[in-house]
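# Fold and geometry: a report
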Amino acid sequence: MASTLARHFSRIFQLTLNVRRKSVTFSGVRHKSSTVQYAARPDLPKLAYRKVKGKSPGVVFLPGFASNMGGKKAEALEEFCQSLGHSYLRFDYTGCGSSEGEMGDGTVGTWKRDVLYVLDELVEGPQILVGSSMGGWLMCLAAIARPERTAAMVGISTAADHFVTVYNTLPIEARKEIEEKGQWVVPTKHNEEGSITFTTEFLKEAEQHCVLQSPIPVTCPVRLIHGMKDQDVPWHISMQLAERVLSNDVDVILRKHGQHRMAEKEDIKLIVYTIDDLIDKLTTLV
């Protein structure tokens, strides 16, 4: 059923998007790319961001863990928003990409603070938050903290509570060893080192920001896209999130062969269609 729904959305996209949004393209850049700017914050590292001015609702892209604003999804969404004339912002978390700070000093709370700063200081009006992987977790935290600024949420391979959940499922002996060493080394295919190291302090801090243990006070439209071949964050996390949010307007879209990064051409088409549909919905309501 879920994979049928995903194919259905893809077919709708191919049939209707070019008719309704003729300026949207995915092959080659048709608009002038935004330039990197730096937000100076008192006593905090500068945040690097790229911004396109335009209509409301705007779109804000939240990258994944140790990722940055230069990925395929982030760039494709900028081109899409420029085509529609809607505002768009993408940025790097503290310690990531072009932003100041050290990655190793970052926490979920640090990056949540970054997102709230973006919503409070760098954009105007309600925003559609688009969160990829850990960015989907931060998207939830931001929506809870700034409901008036959150017009809708689009999660891509959402990793809500993921670090904490995986750690807590480890055998007691393994956790005891990690606590003695003070760090947890996790294998990964997404960097040159082949692993990611989490300190026990990072994990304890992250636990303070978990959202899946109780109802999530979010009432805006929510769209959760997840690949069933995701080997990093299981798709059932998106199902749990859908059950927890209080909103009645929630759709979960599963792609049968989708991977974690959801950066293939057809994945990006589906993401863009989903945002396009939300913009239509929100502007029609106004």
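Residues numbered from 1 in each chain as written. Predicted model: local features only at pLDDT ≥ 70, side-chain atom pairs only at ≥ 80, totals over all residues. Heavy atoms only, no water.

The subject of this paragraph is the overall build of the chain. On a plain count of helices and strands, the chain comes out with nine helices and ten strands. Across the 286 residues that make up the chain, the buried fraction comes to 51%. Considering only intrachain contacts with a sequence separation of at least 6, the fraction spanning at least 24 residues in the chain is 72%. Of the roughly 13700 Å² of accessible surface on the chain, a fraction of 50% belongs to carbon and sulfur atoms. (Helix = DSSP H or I, 4+ residues; strand = E, 2+ residues; numbered from the N terminus. Buried < 20%, exposed > 50% of the residue type's maximum accessible area, 1.4 Å probe, protein only. Contact = heavy atoms within 4.5 Å. Areas by Shrake-Rupley, 256 points an atom, 1.4 Å probe, with all protein chains shown as cover.)

Moving on, we get to helix α2 (residues 72-84). Between its first and last C-alpha atoms α2 spans 19 Å; for 13 residues at 1.5 Å apiece the expected length is 18 Å, and the two agree. When we look at burial in α2, the residues that qualify are Lys73, Ala74, Ala76, Leu77, Glu78, Glu79, Phe80, Cys81, Gln82, Ser83 and Leu84. Here the buried face of α2 lies against β2 (44-52), β3 (55-62), β4 (86-91), β5 (127-132), β6 (150-156) and α9 (265-285). After α2 finishes, the residue Gly85 shows a positive phi value of roughly 80°. (Expected span 1.5 Å × (residues − 1).)

Relative to the elements of secondary structure, Arg149 occurs in the loop between α4 (134-145) and β6. Despite its burial, Arg149 pairs with no opposite charge, the nearest such side chain being Asp120 at 4.7 Å. The contacts of Arg149, once residues within four sequence positions are left out, are Leu119, Asp120, Val123, Glu124, Gly125, Pro126 and Gln127. (Lys, Arg positive; Asp, Glu negative; His and termini not counted. Salt bridge = Lys/Arg side-chain N within 4 Å of Asp/Glu carboxyl O.)

On to the environment of Phe202. Assignment of secondary structure puts Phe202 in helix α7 (residues 200-207). C-alpha separation for the pair Phe202 and Val108, spaced 94 residues apart in sequence, amounts to 7.9 Å. For Phe202, the residues in contact, after removing those within four places along its chain, are Phe65, Gly106, Thr107, Val108, Trp111 and Phe163.

Attention shifts here to the packing of α2 against α9. One can describe the packing of α2 onto α9 by two numbers: an axis separation of 10 Å at closest approach and a directional angle of 40°. Between α2 and α9, the angle falls in the class oblique. The hand of the α2/α9 crossing is right-handed. The segment α2 lies against α9, with Lys72, Lys73, Ala76, Leu77, Phe80 and Leu84 engaging Ile268, Ile271, Val272, Ile275, Asp276 and Ile279. Per-class residue counts for the contact of α2 with α9 are nine nonpolar, no polar and three charged. (Axes fitted to C-alpha atoms, helices over the stretch in contact; angles between N-to-C directions. Parallel < 35°, antiparallel > 145°, perpendicular 65-115°, else oblique. Left-handed = near helix turned anticlockwise from the far one by under 90°. Nonpolar A, V, L, I, M, F, W, Y, C, P; charged D, E, K, R; others polar.)

Quick look at helix α3 (residues 108-122) now. For α3, with 15 residues, the first-to-last C-alpha span of 20 Å sits near the 21 Å given by 1.5 Å per residue. Listed as buried for α3 are Val108, Gly109, Thr110, Trp111, Asp114, Val115, Leu116, Val118, Leu119 and Leu122.

The description of an aromatic ring pair uses the distance of the two centres, along with the angle that the planes make with each other. Tallied over the entire structure, the rule returns 13 aromatic pairs. Measuring from centroid to centroid gives 6.2 Å for Tyr93 and Trp111, while their planes differ by 35°, and the two rings are tilted. A residue pair is termed long-range when its members are at least 10 positions apart, and Tyr93 in the loop between β4 and α3 and Trp111 in helix α3 qualify at 18 residues. Accessibility assignment for this pair places Tyr93 and Trp111 in one class, buried. (Phe/Tyr/Trp six-rings, centres within 6.5 Å; stacked < 30°, edge-to-face > 60°.)

A few words on the packing of α3 against α4. When two helices pack together, their arrangement is captured by the angle between the axes and the distance separating the axes. In the contact formed by α3 and α4, the axes pass within 9 Å of each other and the chain directions differ by 60°. Comparing their axes, α4 and α3 come out oblique. Classified by chirality, the crossing of α4 by α3 is right-handed. Counted together, Val108, Trp111, Lys112, Val115, Leu116 and Leu119 of α3 and Met134, Trp137, Leu138, Leu141, Ala142 and Ala145 of α4 form the full contact between these two elements. Each residue belonging to the contact of α3 with α4 can be placed in one class, and the counts come to eleven nonpolar, no polar and one charged.

Tallying each qualifying case throughout the model produces ten salt bridges. Residue Asp120 pairs with Arg146 through a salt bridge whose shortest N-O separation is 2.8 Å. One end of the pair, Asp120, is in helix α3; the other, Arg146, is in the loop between α4 and β6, with 26 residues separating them in the sequence. Residue Arg146 is classed as partly exposed on the basis of its relative accessible area, which comes to 21%. The partner of Arg223 in a salt bridge is Asp249, and the shortest N-O contact between them spans 3.0 Å. Remark: Asp249 occurs in the loop between α8 (236-244) and β10 (250-255) and Arg223 occurs in strand β9 (residues 222-227); sequence separation between them is 26 residues. Among the ionic contacts, a cluster of salt bridges with common partners joins Arg223, Asp249, Asp251 and Lys281.

Let us now look at the pairing of β10. Where β9 lies against β10, six bridges are found, and the strand directions are parallel. Across the sheet, Leu224 pairs through a bridge with Val252, a residue of β10. Crossover handedness for the path β9 to α8 to β10: right-handed. (Pairing = 2+ DSSP bridges. Right-handed = clockwise from strand over helix to strand, strands pointing away.)

By themselves these figures say nothing about function.
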